[in-house]
Structure formats: structure tokens, C-alpha cells
Amino acid sequence: MLNVVGMKEINAIFEVTDRLGINREWIEIPLGPESPGQVKKLPNGKYEITVDAEIQIERWVSVMEAELKKIL
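The rules behind the values
Residues numbered from 1 in each chain as written. Predicted model: local features only at pLDDT ≥ 70, side-chain atom pairs only at ≥ 80, totals over all residues. Heavy atoms only, no water. Helix = DSSP H or I, 4+ residues; strand = E, 2+ residues; numbered from the N terminus. Rg over C-alpha atoms; globule rule 2.2 N^0.38 Å. Buried < 20%, exposed > 50% of the residue type's maximum accessible area, 1.4 Å probe, protein only. Contact = heavy atoms within 4.5 Å. Lys, Arg positive; Asp, Glu negative; His and termini not counted. Charge placed at Lys NZ, Arg CZ, Asp CG, Glu CD. Pairing = 2+ DSSP bridges. Salt bridge = Lys/Arg side-chain N within 4 Å of Asp/Glu carboxyl O. Polar contact = N/O pair within 3.5 Å; in protein donor to acceptor, adjacent residues only side chain to side chain.

### A short note on the overall build of the protein chain
Line of reasoning, step 1. A count of helical and extended segments in the protein chain gives two helices and three strands.
Line of reasoning, step 2. Its C-alpha radius of gyration of 11 Å places the protein chain within 12% of the 11 Å reference for a compact globule of 72 residues.
Line of reasoning, step 3. Counting over 72 residues, the protein chain shows a buried share of 39%.
Line of reasoning, step 4. In the protein chain, 42% of the contacts between residues at least 6 apart in sequence involve partners at least 24 apart.
Line of reasoning, step 5. Across the protein chain, the centroid of the 9 positively charged side chains sits 5 Å from that of the 12 negatively charged ones.

### A closer look at the pairing of strand β3 (residues 47–50)
Line of reasoning, step 1. Across the two faces of β3 the burial is the same, with Tyr-47 and Ile-49 and Glu-48 and Thr-50 all buried.
Line of reasoning, step 2. Two elements, strand β1 (residues 27–28) and β3, share two bridges in a ladder whose sense is parallel. Directly across from Glu-28, in β3, lies its bridge partner Glu-48.
Line of reasoning, step 3. Sheet topology note: the strand β2 (residues 38–41)/β3 ladder contains four bridges and is antiparallel. Its bridge partner being in β3, Lys-40 is matched across the sheet by Glu-48.

### A few points about unusual backbone geometry
Line of reasoning, step 1. Cis geometry marks the peptide bond from Ser-35 to Pro-36; its omega dihedral reads 5°.
Line of reasoning, step 2. Along the polypeptide, Pro-36 turns up in the loop between β1 and β2.

### A few points about the side chain of Asp-52
Line of reasoning, step 1. Looking at the element boundaries, Asp-52 is found in the loop between β3 and α2 (57–71).
Line of reasoning, step 2. Arg-59 provides the closest opposite charge to the buried, unpaired Asp-52, separated from it by 8.4 Å.
Line of reasoning, step 3. In this structure the side chain of Asp-52 is engaged in a polar contact, spanning 2.9 Å, whose partner is the backbone nitrogen of Gly-37.
Line of reasoning, step 4. Within the local environment of Asp-52, its side chain forms a polar contact with the backbone nitrogen of Glu-54, the two atoms lying 2.7 Å apart.
Line of reasoning, step 5. What Asp-52 contacts, discounting residues up to four positions off in sequence, is Leu-2, Pro-33, Glu-34, Ser-35, Pro-36, Gly-37 and Trp-60.

Just distances and angles here, no functional claims.
Structure follows, in C-alpha cells:
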């Protein structure tokens with residue numbers, strides 16, 4: 001179980017968001033993971049990506065990408 005979001009998780013997220021053309025300035029990543037993880041668009045237009053605490057980041061980023069594509 002993941003306790004704190006580190007550079008490994010942040011870099012995995014940015015790989016996906018960069019590929020989707022989302023500016024890094026528009027991404028907010030809380031350092032406390034949760035279960036389940038979630039992706040949502042905030043009222044200010046930014047995207048909040050909360051990493052899943054129980055799923056390996058390599059698997060979770062595919063879920064995250066699918067969720068992002070729904071709200072782009």
C-alpha cells in the first residue's frame with residue numbers, strides 16, 4: 001500500500017498527461033494517495049489526480065488515462 005506519492009508516481013502521471021497535451025500547470029496531484037484513486041476537473045479548470053493507494057502505479061495510470069479522456 002502506498003503511503004505517500006513520490007516522484008515515481010508523479011513522473012508516471014506526467015507521462016500520460018504530456019501525451020494527452022495537458023499542460024503540467026493544470027495538474028494538481030495531492031501527496032496523500034487514497035483508495036480508490038480519482039480524477040476530477042476542478043471548478044478552476046485544473047485536473048486533480050489522486051493516486052490510488054492500493055493499485056500499482058503502472059496499472060493505475062491506464063485507469064487514470066481513461067478517466068481523463070472522459071473529462072477532457
